[in-house]
Amino acid sequence: MSTWKGERLETPVAVTRSSLPPLEEYVDMLKPLWESAWLTNMGTYHEEFKRQLKEYMGVPNLELFVNGHMALELALQALELKGEVITTPFTFASTTHAIVRNGLEPVFCDIHPSDYTLDADLLEERITENTCAIVPVHVYGNFCDVYKIEEIARRHGLKVIYDAAHAFGETMDGKGVAEFGDASMFSFHATKVFHSIEGGAVTFRNEKLAGRLYELKNFGITGYERVEYVGANGKMNEFQAAMGLCNLRHVDQEIEKRQRLALRYRERLSGVQGIRLCQENPKVESNYAYMPVVFDGYKKNRDQIFQDLAKYNIHARKYFYPCVNHYDCYKGRFDEKDTPVAAQISRQVLTLPLYADLELDVVDLICDLVLE
Ligand code: T4K
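The structure contained in this document is the topic of the report that follows. (Residues numbered from 1 in each chain as written. Predicted model: local features only at pLDDT ≥ 70, side-chain atom pairs only at ≥ 80, totals over all residues. Heavy atoms only, no water.)

With respect to unusual backbone geometry
With an omega of 10°, the peptide bond running from Y319 to F320 counts as cis. Its location among the elements puts F320 in the loop between strand 16 (314-315) and helix 9 (340-348). Across the junction of Y321 and P322, the peptide omega takes the value -5°, indicating a cis bond. Looking at where P322 falls in the secondary structure, it is placed in the loop between strand 16 and helix 9. Backbone geometry places D173, a non-glycine residue, at a positive phi of 50°. Structurally, D173 is set in the loop between strand 7 (171-172) and strand 8 (175-176). Located in the positive-phi region is N313, a residue other than glycine, with phi close to 70°. Inspection of the secondary structure puts N313 in the loop between helix 8 (302-311) and strand 16. (Helix = DSSP H or I, 4+ residues; strand = E, 2+ residues; numbered from the N terminus.)

Dropping the structure here:
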């Protein structure tokens, strides 16, 4: 990269690139699978991964799933919710779909303009007698206003289930992200800071949920000749768990590498007229999951920057555009105008490439292109 002279990059740079452990580490993990031929359905690696994750995340209760989406969908089912669920439209499709697929009614609350998480000051006006839960999203790894949200939830007797898909490994005031709320969902998708190829987990406060989550991810089967619930197939297999176990050994270094790159972006882009970066929270130890940049009154708009970068073979992403309440599948049911901040941010935000193996020179090139 140091020889770059303004031409299009030969190798595309995507918004992210999966981190992988040394190949031998993973291959070593596969050998016992060939010997036992036990490939899925809560095998040895599944159980070991669960144990190590509980330790890493500092929680007593955790269940693994085939992906983050099933984790969220089944967590909502396990809590036996009925009625309205308050959430935000500035997220990936999964959050709202999980609510709707449980027969629940999403009610959209707008987001905070500085960190794009649910604006807790607007939360109470969305609560009705039908509200049963709140599903806030730690979007980009930005911590929600957990204290305020949970104080409101307690007063109104509501459950809080965080979509923590982006927040693996983070802490607030020294407390792990998984320790907040009634439950939190984590995604271990290949594009995440920490992954198990596909995968997910739910951490939860009430230990009585453990059995139900386990049963729901296994078709609702509760005994050899008994099926008590309408469950799904949400089981994580042994190849996923093996990848998770390998990656867990390296995740702290991965986060350190990301931090260095994120800081460089901040150094180069902060304080520029018309460019806004997420407000950093000094109480939060971040995992540097994403690098969102908002173009608001900048000399070029978000879409122009997106296209300019693409000309150089750099593929930023418009996470999250459109807002969920603007999706075709929800047409006529929700209106983006009800959440004006989310609607505006989704039109202005661009998520720049950020992953552990990204070269610092490429970050500089991206900044040069944005600033030129
Ligand atoms: N809640 C939130 C807030 C979420 O963001 C997500 C998922 C979920 C819930 C649900 O969790 P999961 O069920 O997925 O565990 C990606 C991911 O598929 C998705 O997990 C993620 N959020 C979402 C924000 O991003 P796409 O469709 O944008 O991914 P894709 O295939 O375009 O990949 C983006 C880039 O990543 C590629 O250009 C290159 C790189 N990549 C991708 C894959 C698939 C790799 O380096 N390796 C890979 O294997 O959705």
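Picking up where we left off.
Focus: the nonpolar core
Counting residues in hydrophobic clusters, the biggest one holds 97 residues, and the most contacted among them are L53, F90, F188 and L352. When residues of this core are assigned to domains, at least three fall in each of domain 1 (23-248) and domain 2 (251-371). The next biggest cluster of nonpolar side chains, apart from the first, holds 26 residues, and it includes A78, A183, M185 and L213. (Core = buried A, V, L, I, M, F, W, Y, C linked by side-chain atoms within 4.5 Å. Buried < 20%, exposed > 50% of the residue type's maximum accessible area, 1.4 Å probe, protein only. Domains from an automatic or database assignment.)

Things to note about the sheet that holds strand 13 (residues 275-277)
Ordered by their spatial adjacency, three strands build an open sheet running 13-15-17, and the pairing between neighbours is antiparallel. With partners counted over all chains shown, the strands left at the sheet margins are strand 13 and strand 17 (349-352), one partner each. Direction aside, the axes of adjacent strands within the sheet are offset by 35° on average. Sheet analysis places strand 15 (residues 291-295) next to strand 17, joined by four bridges and oriented antiparallel. Note that in strand 17 the partner of M291 across the bridge is L352. Contacting strand 13, strand 15 and strand 17, helix 9 crosses the sheet at an angle of about 50° to strand 17. (Pairing = 2+ DSSP bridges. Axes fitted to C-alpha atoms, helices over the stretch in contact; angles between N-to-C directions. Contact = heavy atoms within 4.5 Å.)

Here's the deal with the site of the ligand
Not every one of the 26 residues close to the ligand is listed here, only the nearest: D163, H166, S187, R317 and Y319. G68 places a main-chain nitrogen or oxygen 2.9 Å from an oxygen atom of the ligand. One nitrogen or oxygen atom from the side chain of H189 is found 3.3 Å from an oxygen atom belonging to the ligand. Protein contact buries 73% of the 920 Å² of open area that the ligand shows by itself. Secondary structure elements with two or more residues in the shell around the ligand: helix 3 (68-78), helix 4 (93-100) and strand 9 (183-187). Residues of the shell around the ligand, tallied by class, amount to nine nonpolar, 13 polar and four charged. Each of domain 1 (23-248) and domain 2 (251-371) accounts for three or more of the residues forming the shell around the ligand. (Near = heavy atom within 4 Å. Polar contact = N/O pair within 3.5 Å; in protein donor to acceptor, adjacent residues only side chain to side chain. Areas by Shrake-Rupley, 256 points an atom, 1.4 Å probe, with all protein chains shown as cover. Nonpolar A, V, L, I, M, F, W, Y, C, P; charged D, E, K, R; others polar.)

Notes on the packing of aromatic side chains
Using the criterion set out here, one finds 23 aromatic pairs in the structure. Taken together, the aromatic side chains of F90, F92, Y116, Y140, Y290, Y319 and F320 make up a single cluster linked through ring pairs. Over the face of the ring belonging to Y321 we find R302, whose NZ or CZ atom lies 4.9 Å from the ring centre. (Phe/Tyr/Trp six-rings, centres within 6.5 Å; stacked < 30°, edge-to-face > 60°. Lys NZ or Arg CZ within 6 Å of the ring centre and 35° of its normal.)

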